[in-house]
Amino acid sequence: SRLILRSYLKPPKRYWEVNAGEENGEAENTDVSPNQDNISKEQPDKIRDERRQKKKRSHGSFISGKKDPFPGEAPIPNEQLKKFQRGEKFQVSVTARQKVKETILRSEAASDLALKQAARYDLLLPEESGFLEGDDDEDTCTILQEDIADAVDITSGAKYFNLHLTQFGPYRLDYSRTGRHLLLGGKRGHVSCIEWQTKNLTCEINVMETIHDVKWLHSEAMFAVAQKQWLYIYDSKGIELHCIKKFNNVLRMQFLPYHFLLATASATGFLQYLDVSVGKEVSAIGTKLGRLDVMAQNPHNAIVHLGHPNGTVSLWSPNQREPLVKMLCHRGGVRSLTVDRSGTYMVTSGLDRKLKVYDIRAFKALHSYFLPAGASCLSLSQRGLLSAATGDVVQVYRDVWGGGSMSKPYMAHRVRGAVWGVDYCPFEDVLGIGHEAGFTSMIVPGAGEPNFDALDMNPYRSTKQRQEWEVKALLDKVQPELIGLDPGLLSKVDQATFEQKHKERVEALGYDPLATEKFKPRLKKRGRSSAGAVERRKKKVAHEDQKALRPPMYD
């Protein structure tokens, strides 16, 4: 009865076990021995070794006994690896110490692992940016925004809307880095913060002064307003937090998010930097180039670009009193400029009615286009679409870097008044337009980046997540001394400075400590090679070397 009960409680065989037995032609033994648990102990070593070898041979096979046709990890294409590669591998010197070699090898191994994981996980980002495509012999620039809003779903169609604000215009605008909040500033003192997707009004105030520019700070909890005389900081409820009188007559502002710096350009020709984390002025530079009303930043290296009435564009860092680079871009004054997020291209427009594309790496003009009426406002999207405003018409162009024809724009839209500001919303196919009659949100398919990095900027973060991100961002804040044209120089050795320091050291010591090999005392027994004895012998030899190099004394 015990044997019958054990056979009754035995679990049924699975389909792969049955197939494996049928394929191999092995008969199934249903007899159950009472000493089955002790079989492995009684088996001889030979049978045990055979089982071990069989396990080794079956490694990588399925439960059914079939072997994996593609063993190991899936190969990663080289193009995918090059996409996420960050520089070349560091070559370990033969003369380096063992501890340094181990540290470098561990760092390279971690870098390779991160590279492979990023290339593999890129497959989990299926979202792609789609563009507007017309029918045969149809120009996409003739398609109206109303037709696009009717053709798409309700959520996407609600992104096209108009705010009729004719009393306090024209308007400047700025989107938060997450793309959820919109900041509007009217020239006649009207300021409003809006969650533009839900159309919820966060705050609305009137400062009773002329407003030149508005800018979000590190989060949607604070924003800066450049008023008629001084610079003001407000919170998301419209409460005035600071009035900074050192920053007067500010016309344009740019915020550097990783450095927590607010860069301002004034009508008196001063470029000033404010550290918003501690509330102190970092630098104040007199450019001596007149009124500064054209300003942009390079997101790649945090360099500020300024446009001037004499047709030049200058590049500035808070560490130097002189411009890093000065470029002659137009025969007339510069009206607007913008830089793409990779820091490779810069687009400028001037009074000579030309639009030029520059390669910042070589500081050379790649393409030059002629616009019949010029462009007063420029903006680049995350995917490389260029918007150019001319009067009351906003035109969007594709493939500006390729040098294609700009006779026909990708999209076009006419607003009710002269355009004063354009800006793309991050992670959305939306272009915000501020004009004399208010604000217009325009749908531009293919403008936004569909895949976002939630560790950097998460559009769906909660209040708690925003607070934790703010603490981490403050801990990881980059110092303003590290701002330069080439961020890659931070990981390299300054060879000229090293040679200069070595030369000064040789002059101070009277001999070159690196010229000859250092003295190594011979190992002695009976306690004469203790640490103290070895150091005394080293000092004695060093003293004799210095004595031999001294000039002869005169009697």
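Structure: see above.
Here is a short report on the structure shown in this document. A quick note: this is a predicted structure, and the numbers were derived from the prediction, not measured. (Residues numbered from 1 in each chain as written. Predicted model: local features only at pLDDT ≥ 70, side-chain atom pairs only at ≥ 80, totals over all residues. Heavy atoms only, no water.)

**Some thoughts on the overall build of the chain**
Part 1: Summing up its helical and strand segments, the chain has eleven helices and 28 strands in all.
Part 2: Taken across its 555 residues, the chain has 39% of its residues classed as buried.
Part 3: Once local pairs closer than 6 in sequence are excluded, the contacts in the chain between residues at least 24 apart make up 46%.
Part 4: On the chain, roughly 35,200 Å² of surface is accessible, and the fraction owed to carbon and sulfur atoms is 52%. (Helix = DSSP H or I, 4+ residues; strand = E, 2+ residues; numbered from the N terminus. Buried < 20%, exposed > 50% of the residue type's maximum accessible area, 1.4 Å probe, protein only. Contact = heavy atoms within 4.5 Å. Areas by Shrake-Rupley, 256 points an atom, 1.4 Å probe, with all protein chains shown as cover.)

**Considerations on the sheet that holds strand 24 (residues 393-397)**
In a beta sheet, neighbouring strands are held together by backbone hydrogen bonds and run either parallel or antiparallel to one another.
Part 1: Judged by pairing direction, the sheet is antiparallel, and its four strands sit side by side in the order 22-23-24-25 without closing on themselves. The open sheet has two edge strands, strand 22 (377-380) and strand 25 (411-414), and neither has a second partner. Each strand axis lies, on average, 15 degrees off the axis of its neighbour in the sheet, ignoring direction.
Part 2: Where strand 24 lies against strand 25, four bridges are found, and the strand directions are antiparallel. Looking at the pairing, Val394 lines up with His413 of strand 25. (Pairing = 2+ DSSP bridges. Axes fitted to C-alpha atoms, helices over the stretch in contact; angles between N-to-C directions.)

**Let's talk about helix 9 (residues 463-475)**
Part 1: If you check helix 9, its first and last C-alpha atoms are 19 Å apart, about what 13 residues at 1.5 Å a residue would give, namely 18 Å.
Part 2: Regarding helix 9, the residues found buried are Arg466, Trp469 and Ala473. Across the axial projection of helix 9, the buried residues extend over an arc of 65 degrees, all falling on one side. Of the exposed residues in helix 9, the ones pointing more than 90 degrees away from its buried face are Lys464, Lys472 and Leu475. (Expected span 1.5 Å × (residues − 1). Arc of directions from axis to C-beta.)

**Overview of the sheet that holds strand 15 (residues 304-307)**
Part 1: An order of 14-15-16-17 is seen for the four strands of this open sheet, with the pairing classed as antiparallel. Looking at which strands have only one partner, the edges of the open sheet turn out to be strand 14 (294-297) and strand 17 (325-328). Adjacent strand axes in the sheet meet at a mean angle of 20 degrees, parallel and antiparallel pairs treated alike.

**A word on a positive patch on the surface**
Part 1: The grouping of Arg522, Lys524, Arg526 and Arg528 at the surface amounts to a positive patch.
Part 2: Along the polypeptide, Arg526 turns up in the loop between helix 10 (495-509) and helix 11 (531-549). (Patch = residues over 30% accessible without salt bridge, like charges linked within 9 Å, V, L, I, M, F, W, Y side chains within 5 Å. Salt bridge = Lys/Arg side-chain N within 4 Å of Asp/Glu carboxyl O. Lys, Arg positive; Asp, Glu negative; His and termini not counted. Charge placed at Lys NZ, Arg CZ, Asp CG, Glu CD.)

**With respect to the pairing of strand 3 (residues 181-186)**
Part 1: In terms of burial, strand 3 is a largely internal element, six of the six residues being buried.
Part 2: Burial along strand 3 is two-sided: the face carrying His181, Leu183 and Gly185 and the face carrying Leu182, Leu184 and Gly186 are both buried.
Part 3: Here strand 2 (residues 171-175) runs beside strand 3; their pairing, made up of five bridges, is antiparallel. Directly across from Leu173, in strand 3, lies its bridge partner Leu184.
Part 4: Hairpin remark: strand 2 followed by strand 3, antiparallel, with five residues in the connecting loop; positive phi at Gly179, about 80 degrees.
Part 5: Pairing between strand 3 and strand 4 (residues 190-195): five bridges, direction antiparallel. Within strand 4, the residue paired with Leu183 across the bridge is Cys193.
Part 6: The turn joining strand 3 and strand 4, which pair antiparallel and follow one another in sequence, is formed by three residues; a positive phi near 105 degrees is taken by Gly189.

**Re the environment of Met295**
Part 1: Following the sequence through the fold, Met295 ends up in strand 14.
Part 2: Here Met295 falls in the buried class, since its relative accessible area comes to 10%.
Part 3: Each C-alpha atom of the pair Met295 and Leu337 lies 7.1 Å from the other, and the pair is 42 residues apart in sequence.
Part 4: Met295 has contacts with Arg252, Met253, Gln254, Ala263, Thr264, Ala265, Leu271, Val304, His305 and Leu306, leaving out every residue within four places of it along the chain.

**A look at unusual backbone geometry**
Part 1: Cis geometry marks the peptide bond from Gly169 to Pro170; its omega dihedral reads -5 degrees.
Part 2: Position of Pro170 among the secondary structure elements: in the loop between strand 1 (161-164) and strand 2.
Part 3: One non-glycine residue with positive phi stands out, namely Met208, at about 60 degrees.
Part 4: The topology assignment puts Met208 in the loop between strand 5 (200-206) and strand 6 (211-216).

**So, the side chain of Ser317**
Part 1: With respect to the secondary-structure elements, Ser317 resides in the loop between strand 16 (312-316) and strand 17.
Part 2: Among the polar contacts listed, one links the side chain of Ser317 to the backbone oxygen of Ile483, at a separation of 3.3 Å.
Part 3: Ignoring anything within four residues of it in the chain, the contact list for Ser317 reads Tyr273, Ile285, Ile303, Leu324 and Ile483. (Polar contact = N/O pair within 3.5 Å; in protein donor to acceptor, adjacent residues only side chain to side chain.)

**With respect to helix 6 (residues 98-121)**
Part 1: In a regular helix each residue adds 1.5 Å, so 24 residues correspond to 34 Å; helix 6 covers 34 Å between its end C-alpha atoms and thus fits that length.
Part 2: Buried within helix 6 we find Ile104, Glu108, Leu115 and Ala119.
Part 3: Along its buried surface, helix 6 packs onto helix 5 (78-84).

**As for a nonpolar patch on the surface**
Part 1: A cluster of nonpolar side chains, Phe90, Val92 and Leu105, forms an exposed patch at the surface whose accessible area comes to about 290 Å².
Part 2: Within the secondary structure, Phe90 is located in the loop between helix 5 and helix 6.

**Overview of the packing of aromatic side chains**
Part 1: Per the stated rule, a full pass over the model turns up nine aromatic pairs.
Part 2: When the centroid spacing of 5.8 Å and the interplanar angle of 80 degrees are considered together, the rings of Trp216 and Phe223 count as edge-to-face.
Part 3: Consider the rings of Tyr232 and Tyr234, whose centres lie 6.3 Å apart with planes at 25 degrees: the pair is stacked.
Part 4: On the basis of relative accessible area, Tyr232 is assigned to the buried category, the value being 11%.
Part 5: By way of ring pairs, the aromatic residues Trp216, Phe223, Tyr232 and Tyr234 are connected into one cluster. (Phe/Tyr/Trp six-rings, centres within 6.5 Å; stacked < 30°, edge-to-face > 60°.)

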